[in-house]
Amino acid sequence: MFQAAFLGALSTESIPLVAATYFVRGFGFPLFAFSFLVWVNAVVPKERNGAAVGWFYVMFTGGMPTIGSLVAMGLIPAFGGGFFGERWAMAASSLIVIAGFLIAWFGVREKHGSMRLAPEGESSRQVIFSGVKLSLTNKRVMMGFLTRLINTAPQFGMFIILPTVIAETLGWGQSRWSLMTSIVFAGNILFNAAFGALGDRIGWTTTVRWFGIVGSAIGLLLWWYVPHWVPAGSDWGFIVAVIAGTVFGILLAGFVPLGAIMPALAPDHKGAAMAMYTTAAGGATFLGSAVVAIVRPWGGNVGVVWAFVALYALAFLMTFALKVDQPRVGKKNIAAAEA
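On a predicted model such as this, the values are computed, not experimentally measured, just so you know.

Things to note about helix α7 (residues 139-151)
Residues three or four positions apart in an α-helix share a direction because the helix packs 3.6 residues into each turn. When the terminal C-alpha atoms of α7 are compared, their 18 Å separation across 13 residues agrees well with the 18 Å that a helix rising 1.5 Å per residue should span. Taken together, the buried positions of α7 are occupied by Val-141, Met-143, Gly-144, Phe-145, Thr-147, Arg-148, Leu-149, Ile-150 and Asn-151. For α7, the side-chain oxygen to backbone nitrogen distance between the N-cap and Arg-140 is 3.0 Å, and the N-cap itself is Asn-138.

What to know about the pattern of salt bridges
Pairs can form between side chains of opposite charge whenever their charged atoms are close. With the rule as written, the count across this model stands at one salt bridge. Between Asp-235 and Arg-176 there is a salt bridge, with the nearest N and O atoms lying 2.8 Å from each other. With Asp-235 in helix α11 (residues 235-252) and Arg-176 in helix α9 (residues 173-202), the pair connects residues that are 59 residues apart, well separated along the chain. Residue class for Arg-176 comes out partly exposed when judged on its relative accessible area of 29%.

Concerning unusual backbone geometry
Look at Glu-13: it is not a glycine, yet its phi comes out positive at around 60°. Following the sequence through the fold, Glu-13 ends up in the loop between α1 (2-12) and α2 (15-25). We classify Glu-13 as exposed; its relative accessible area is 71%.

Focus: a nonpolar patch on the surface
On the surface, Leu-95, Ile-98, Phe-101, Leu-102, Trp-105 and Phe-106 cluster together into a nonpolar patch covering about 690 Å² of accessible area. Here Phe-106 shows up in helix α5 (residues 82-107).

Details of the nonpolar core
One finds Tyr-57, Met-180, Trp-223 and Tyr-312 to be the most contacted residues of the largest nonpolar core, which totals 72 residues. A per-element tally of this core places helix α13 (residues 270-318) first, with 20 residues. For Tyr-57, the contacting residues outside a window of four places in its chain are Phe-34, Leu-37, Gly-62, Arg-148, Asn-192, Val-256 and Tyr-277. Counting five residues, the second-largest nonpolar core is a separate cluster that includes Phe-6, Leu-7, Ala-9 and Leu-10.

A word on the packing of aromatic side chains
Scanning the model with the defined rule gives 21 aromatic pairs in all. Relative to Trp-229, the ring of Tyr-225 lies with its centre 5.8 Å away and its plane at 25°, an arrangement referred to as stacked. Of this pair, Tyr-225 and Trp-229 both sit in helix α10 (residues 204-229), four residues apart, which is roughly one turn of the helix. For Trp-229, a relative accessible area of 64% corresponds to the exposed category. One aromatic cluster is present, formed by Phe-156, Phe-159, Trp-177, Phe-185, Trp-223 and Phe-248 through successive ring pairs. One residue, Arg-209, lies across the ring of Phe-320, its end atom 4.0 Å from the ring centre.

Re the confidence of the model for the chain
One rule of thumb: low pLDDT means the predicted coordinates there are not for detailed reading. Here the chain averages 88 in pLDDT, and 96% of its residues register 70 or above. The low-confidence segment residues 332-339, where pLDDT is below 50, has 17 contacts with residues more than four positions distant or belonging to other chains.

Calculation criteria
Residues numbered from 1 in each chain as written. Predicted model: local features only at pLDDT ≥ 70, side-chain atom pairs only at ≥ 80, totals over all residues. Heavy atoms only, no water. Helix = DSSP H or I, 4+ residues; strand = E, 2+ residues; numbered from the N terminus. Expected span 1.5 Å × (residues − 1). Buried < 20%, exposed > 50% of the residue type's maximum accessible area, 1.4 Å probe, protein only. Polar contact = N/O pair within 3.5 Å; in protein donor to acceptor, adjacent residues only side chain to side chain. Salt bridge = Lys/Arg side-chain N within 4 Å of Asp/Glu carboxyl O. Patch = residues over 30% accessible without salt bridge, like charges linked within 9 Å, V, L, I, M, F, W, Y side chains within 5 Å. Areas by Shrake-Rupley, 256 points an atom, 1.4 Å probe, with all protein chains shown as cover. Core = buried A, V, L, I, M, F, W, Y, C linked by side-chain atoms within 4.5 Å. Contact = heavy atoms within 4.5 Å. Phe/Tyr/Trp six-rings, centres within 6.5 Å; stacked < 30°, edge-to-face > 60°. Lys NZ or Arg CZ within 6 Å of the ring centre and 35° of its normal. pLDDT = per-residue confidence, 0-100.

Below is the structure:
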């Protein structure tokens, strides 16, 4: 419904109406995707939680930046390119969303999906605000919230600054930017489950700290600088640039165990903790855009990239507050592994 309203607003060429409908359009994917993640955490055995969250992100990443980019790459030219092609590609993509709805509605029979998960007696208002209250009273949950907020903010920020740089400044064109996006996040898909399983074995926090944060910071710098180091517009340069971006996509998967850490930080308030996790996941879109809006006017695109690296440095420090009592596959010693 919100997608249809946004497409209709585009035809009016009214900036306020386009902005308003684009705003409400943003309610759609977190209501579907992150309620599904809460569902996963409600039913999976704790010792396999990292792997389960990893498989969730395999499909999440497979949809939005990967298949989404391939659909755009195929449909925009098919509808004639330009603004007309982009608008009708968005309209046609709604069929994929409807297919996802039908699969979820008719194909997933697990009982927790159709029952109340919140404690009995708590009103909807209490449930909604319980996550905020928990974050204000539990420092570790707040650190987890901020770490998740930072997690994918660079991804969304790069979606703002890189399309023009790759397609126009460096001369590879819109189709190759779409292809790059698909390949970069295909790498992410392949490693989401792997890092989830790794977190179950060596420690969720350890995996997030060294692979997710440090690895993503290095990968982000590669994704920005390597395309500028190779000859603009060249075929082999594009291949190298894609490889550099894929490093970022792969190591971004190192954040996957954070979805298992958050409910473990407040075992008596798992729903509230996951509410803050999912709020931060959606808020990452806002943070990524906000960093671009604030830093770009005075620091340029390079300044934006380094601002994201600085945020990763802050997240690195915050992970030292995220130690949890984690059951391990193989029953390894928790204290020794987290030291």
